[in-house]
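# Structural characterization, general
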Amino acid sequence: MKQNTNLFIVCLLLILAGCEKNAPTLSVSVLPEPQEIVQKDGTFKAGKNWQIAYPESLATEAALVEQWWNTDYAIQLTKTKNEKKATLSLVLDNSILPEQAEGYLLDIDKKTISIRASRPVGILHGIQTLRQLMQEENGQIFAPTCTITDYPAFSWRAFMLDEARYFKGKEVVYELLDEMSRLKMNTFHWHLTNDQGWRIEIKKYPLLTEVGAWRDSSEIHRSHSGIYDGKVHGGFYIQDEIREIVNYAADRHIMIVPEVSMPGHATAAIAAYPWLGVSGKEVKVSPKFGVHYDVFDVSSPRVMEFFEDVIDEVIALFPAPVFHIGGDEVRYNHWNDSPKIQAYMRKNGLKTPPELQVFFTNHISNLLDSKGRIMMGWNEITGDKLHDYQEKESKETASSGQTLNPNTIVHFWKGDPKLIREALDKGYNIVNSYHQSTYLDYSYQTIPLEKAYHFNPIPEDTPAELQKKVLGLGCQMWGEMIPTVESMNKKIYPRIAAYAETGWTGTDKKDYDRFLQALEPIRERWSRELPGFEMP
């Protein structure tokens, strides 16, 4: 009898050893890299039937889990109130990383998984980490046993889509938001108006989309090529579509910041309503890219009323606390050549076009402030001249007469990096999107993946007390040369992953080889799911 018992024990141990051997040995590989990983012995293993526990305050996040688990692995979820019986527990706990609004703790044991955070956004980030760790083999789900403590290095982790140049549509935006959520990016900067198109319905001014959303041709090959395709291009979002997209993003804890360009890049609006422009002349929506066009008549009370009307309709659609006004690439010659503008400047004691721009920008900033919004704009709004044509058209900066509203967020994209330090010293919050490191429309020869990865939004020698005013970074997909989704995806991916890790993980833990290893399964998924994606 004793021999039979010993034989049974030996056989059982062999069976268990065989089961353990069949479970794959997994390492923790996540992108963006978490702040702290403690790997345990063993492997989580479960079948396709899971029990999930969560409070009603996490119903949105749980619904996404149900959707993703079913799509990715055909896993069936059953809700339970008993956390101890749950395969996956989502737990809100105010004691978890209370100083880190987006932080979370992910704990994976051999049979159970828990995600704990002080806020729902942290729960979602933990879910996205878990999605990367899960693997399927022969009907079993595996994940490495570990404990992950995680939170972002920067609060502003943005991707910008320019649809003013080429309209892409709701489904494309949904796909971009999904990829941003996977990469824990939290801000979708939406460039909706420019010389080549006005893409958002404004009910008080219907011609903005009836006329301004359509152009008769598009410049091709490159900016300033002088070659046009002869094809009508256009499209816009009605307000109900905007609301749907904003809600879709909010479910994924992504803030959408709208950009309505002013006082330059105004041709599409002026084509709709010629009285908006300095010249008052009728123009058409521009098929040409670059900086060549009329600007808004900022001396006109009617134009200023237009801005307030547009802002009212836009902020009713976007609950984000930030409103981006553009403010870049203003041609001063339009103001210099206008007797009306010159008289307005004399009346207000403004000596130079940069002073006029800051004067106008402060008016818009005060208007937005009265409506509970913070103004953001490209760094020309400080009055600094960043372009050769501006230097020819005005010999002075705004510093002698006008100071930008201190509540403004300065979006740095061009100029000497010392301008960032100057803005920080003046007390401004900064988002760093330096074009030579973050512009996705640039080729991979100009910004290869490794250069994108090593971008640091905080300039060297920035004092510690000023570093916190660098909110983070944005990467920009400018639209002039991306007429199709395929051409867009080739530019965005995989560089967006590099910027995501910079924003989340920070700069101290960067390891390019480790990043490439974590990127590989993501690139394989992109090659299956994203039209036009190519592994560079």
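Just above, that's the structure.
A brief look at the structure comes next. (Residues numbered from 1 in each chain as written. Predicted model: local features only at pLDDT ≥ 70, side-chain atom pairs only at ≥ 80, totals over all residues. Heavy atoms only, no water.)

### Quick word on the nonpolar core
Core analysis: the biggest nonpolar cluster contains 114 residues, and Phe159, Phe188, Trp190, Trp198, Phe318, Ile364 and Trp526 have the highest contact counts within it. Here the element with the most residues in this core is helix α8 (residues 301-317); it accounts for 9 residues. When residues no more than four places from it in sequence are discounted, the contact partners of Trp190 are Leu161, Glu163, Val173, Tyr237, Ile242, Ile245, Ile256, Val257, Pro258, Glu259 and Phe318. If you look at the next biggest cluster of nonpolar residues, it comprises 34 residues, including Val30, Trp50, Leu88 and Leu133. (Core = buried A, V, L, I, M, F, W, Y, C linked by side-chain atoms within 4.5 Å. Buried < 20%, exposed > 50% of the residue type's maximum accessible area, 1.4 Å probe, protein only. Helix = DSSP H or I, 4+ residues; strand = E, 2+ residues; numbered from the N terminus. Contact = heavy atoms within 4.5 Å.)

### Observations regarding the pairing of strand β17 (residues 374-378)
Within β17, 4 of the 5 residues are buried, which leaves it mostly tucked inside the rest of the structure. With 3 bridges joining them, β17 and strand β18 (residues 409-412) adopt parallel strand pairing. Bridged to Trp378 within β18 is His411. (Pairing = 2+ DSSP bridges.)

### A short note on empty space enclosed by the protein
Across all of its chains, the model carries 1 cavity of 30 Å³ or more by this definition. By volume, the largest cavity amounts to about 60 Å³. Tallied by class, the residues present in the lining of the largest cavity amount to 4 nonpolar, 4 polar and 4 charged. (1 Å grid on protein atoms, 1.4 Å probe; cavity = no way out; pocket = protein on both sides within 12 Å on 5 of 7 lines; lining within 4 Å. Points joined across faces, edges and corners; volume = space filled by probe spheres on them. Nonpolar A, V, L, I, M, F, W, Y, C, P; charged D, E, K, R; others polar.)

### Regarding the environment of Gly506
Relative to the elements of secondary structure, Gly506 occurs in the loop between α18 (495-505) and α19 (512-529). Here the alpha-carbon distance between Gly506 and His189, two residues 317 residues apart in the chain, equals 21 Å. When residues no more than four places from it in sequence are discounted, the contact partners of Gly506 are Ala153 and Glu501.

### A word on helix α13 (residues 418-425)
Burial in α13 covers these residues: Leu419, Ile420, Ala423 and Leu424. Seen end-on, α13 carries its buried residues on one side only, within an arc spanning 140°. Looking at the packing, one finds that the buried side of α13 touches β18, β19 (429-432), α16 (464-467) and β20 (470-477). Positioned one or two residues after α13, Gly427 has a phi angle of 100°, which is positive. (Arc of directions from axis to C-beta.)

### Some remarks on the pattern of salt bridges
A complete count under the given rule lists 25 salt bridges for this structure. Between Asp107 and Lys40 there is a salt bridge whose closest N-O contact spans 3.0 Å. Within this pair, whereas Asp107 is found in strand β5 (residues 104-108), its partner Lys40 is found in strand β1 (residues 36-46), the two being separated by 67 residues in sequence. Classification of Lys40 as partly exposed rests on a relative accessible area of 28%. Between Arg165 and Asp162 there is a salt bridge whose closest N-O contact spans 2.8 Å. The residues Arg165 and Asp162 share a single accessibility class, namely buried. (Salt bridge = Lys/Arg side-chain N within 4 Å of Asp/Glu carboxyl O.)

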